[in-house]
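An overview of the molecular structure
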Amino acid sequence: MNTTHTPLAERLRPRTLGEVIGQQHVLGEGMALRVAFESGQPHSCILWGPPGVGKTTIARLMADAFDAQFLSISAVLGGVKEIREAVDLAIAQRDGIDPKRTIMFVDEVHRFNKSQQDAFLPHVESGLFTFIGATTENPSFEVNSALLSRAAVYVLQSLSEQDLGQIIAKAQAMGAVPALDEAALQRLIAYADGDARRLLNTLETLAVAANREKLEAINDAWLMRVLGERMRRYDKGGEQFYDTISALHKSVRGSDPDAALYWLVRMLDGGAEPKYMARRLIRMAAEDIGLADPRALRLALDAAEVYERLGSPEGELALAECVVYLAVAPKSNAVYKAYKEARALVKKDGTRPVPMHLRNAPTKMMKDMDWGKGYRYAHDEEDGFAAGENYMPEGLESTGFYRPVERGLEIKIADKLRQLRDKNQQAGK
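Residues numbered from 1 in each chain as written. Predicted model: local features only at pLDDT ≥ 70, side-chain atom pairs only at ≥ 80, totals over all residues. Heavy atoms only, no water.

Our focus in this paragraph is the overall build of the protein. Looking only at helices and strands, one finds 21 helices and seven strands in the protein. With the principal axes as the frame, the protein shows a C-alpha extent of 90 × 60 × 40 Å. Scored against the burial criterion, the 429 residues of the protein give a buried share of 42%. At a minimum sequence separation of 6, the contacts of the protein that also span at least 24 residues come to 73%. The distance from the centre of the 55 positive side-chain charges to the centre of the 59 negative ones in the protein is 2 Å. (Helix = DSSP H or I, 4+ residues; strand = E, 2+ residues; numbered from the N terminus. Buried < 20%, exposed > 50% of the residue type's maximum accessible area, 1.4 Å probe, protein only. Contact = heavy atoms within 4.5 Å. Lys, Arg positive; Asp, Glu negative; His and termini not counted. Charge placed at Lys NZ, Arg CZ, Asp CG, Glu CD.)

Right, here's the structure in full:
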């Protein structure tokens, strides 16, 4: 058996496009990503898919195909400093004695905030490097629209059982893994759940244990004894990672605490990162509960903080408490819808000037130019409300983005807004 210290994943990493297992819907003959490779002209792209499906491998192969410098940044570990250093390396490569293109690969790009993602834009536009982002999250929500508009999105899929079987066969062909009986083979494939990285890491663990015990073959009973709890399958039905988080989100939205708990435990049991789960619960609180129960968002933030302090398994109870609360809380997506409508309007509308009475006037010159003139200080008005005042740009009527639902606290919010509208009408607005 091969005892080299090079990780199995690295030894099996494809060196050519033809060696890639899976993703034939984009890498097969005549398919979009294969055509991009064969064109000789790299282009910026986002590789979207669950963990362990080959995103990093494809990016490396693209650099090889175009004889380009390959630079990699992890959005989990890096920041603006690492981005600047990578830009400097790209410039040095472009301006060096032997100029080359640069492929800038950003793993888990959704973890970068807006300003960090924006830092790539000028260099993508100038052609300094070709940007490739990898994400397990829907780029429509997690990647800045400006960056997204400059990159093609390729959706990668979990590897099939046949794909995973091919990987095991390749590992055995190089002597890295002993023979497996059929039951052990099928259990490993089911456990990997479409994730090649998970499969390879497990195979490496098995190989070490089998070598220590001088086993020539691995059976199912030995497999279960060695790996035990790790063999519980995260996804028995072959669903993709983001399908399962979708089931959790929809269960919370549907006010089913039992189903929400089930999907939460399914994900934690299968190795989902609890910090990731905490972030998703925060999103659910903001999107689906909103102002119907503002305590939900605070509780989600508290659950995330509790997990940070306690870790697993104690901190997971806080996540369970949160998911039950979110499920039984009154639901409203009124703020979410209002935000989307406001964004859509701003995107299609021109940049209207701020009305003079709403402008800030910190200097005498600005005051002489009537900036801020006529502004009514609401606290000095009856009931703290300047009835009839207008806060929208000239020529743009209030379109009522925010329409509270008749649930939870938003019942009272709706009553308050009706009262304020009545006062505006009485004031002649």
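There is more to say after this.
On to helix α4 (residues 55-65). Regarding α4, the residues found buried are Lys55, Thr57, Ile58, Ala59, Leu61, Met62 and Ala63. Buried-residue contacts for α4 involve α2 (24-27), α3 (32-39), β1 (45-48), β2 (69-74), β3 (102-107) and β4 (130-135). Note on α4: the residue one or two positions beyond its end, Asp67, has a positive phi of about 50°.

Taken N-terminus to C-terminus, the directions of helix α11 (residues 182-192) and helix α12 (residues 196-212) make an angle of 135°; their axes are 8 Å apart at the nearest point. In terms of orientation, α11 and α12 fall into the oblique class. Judged by the twist between their axes, the crossing of α11 over α12 is right-handed. Taken together, the residues of α12 that come into contact with α11 (itself represented by Leu188, Tyr191 and Ala192) are Arg198, Leu199, Thr202, Leu203 and Leu206. Partitioning the contact of α11 with α12 into residue classes produces six nonpolar, one polar and one charged. (Axes fitted to C-alpha atoms, helices over the stretch in contact; angles between N-to-C directions. Parallel < 35°, antiparallel > 145°, perpendicular 65-115°, else oblique. Left-handed = near helix turned anticlockwise from the far one by under 90°. Nonpolar A, V, L, I, M, F, W, Y, C, P; charged D, E, K, R; others polar.)

Here Ile413 is to be found in helix α21 (residues 410-426). Sequence-distant contacts of Ile413, that is, excluding residues within four places in its chain, are made with Leu291, Tyr402 and Pro404.

In this section: the packing of aromatic side chains. Tallying each qualifying case throughout the model produces six aromatic pairs. Both rings, one in Phe120 and one in Phe131, keep their centres 5.1 Å apart while their planes meet at 55°; by these two values the pair is tilted. Here Phe120, found in the loop between α6 (114-118) and α7 (121-126), pairs with Phe131, found in strand β4; they are 11 residues apart in sequence, far enough to count as distant. For Phe131, a relative accessible area of 1% gives the class buried. Ring geometry for Tyr262 against Trp263: centres 5.0 Å apart, planes inclined by 75°, an arrangement best described as edge-to-face. Three or more aromatic residues joined by ring pairs form one cluster here, namely Phe112, Phe120, Phe129 and Phe131. Over the aromatic face of Tyr191 sits the side chain of Arg198, whose NZ or CZ is 4.9 Å from the ring centroid. Just above the ring of Trp371 sits the side chain of Arg359; from NZ or CZ to the centre is 5.0 Å. (Phe/Tyr/Trp six-rings, centres within 6.5 Å; stacked < 30°, edge-to-face > 60°. Lys NZ or Arg CZ within 6 Å of the ring centre and 35° of its normal.)

Tracing the backbone shows Thr102 in strand β3. Here Thr102 falls in the buried class, since its relative accessible area comes to 2%.

Moving on to the sheet that holds β1. If you trace the five strands from one edge of the open sheet to the other, you get β2-β3-β4-β1-β5, paired in parallel fashion. For this open sheet the edge positions go to β2 and β5 (152-155), each flanked by a neighbour on one side alone. Each strand of the sheet is rotated relative to its neighbour by a mean of 20°, with strand direction disregarded. In this sheet, β5 lies alongside β1 in parallel orientation, the contact comprising four bridges. (Pairing = 2+ DSSP bridges.)

Function cannot be inferred from these measures alone, as they are strictly geometric.
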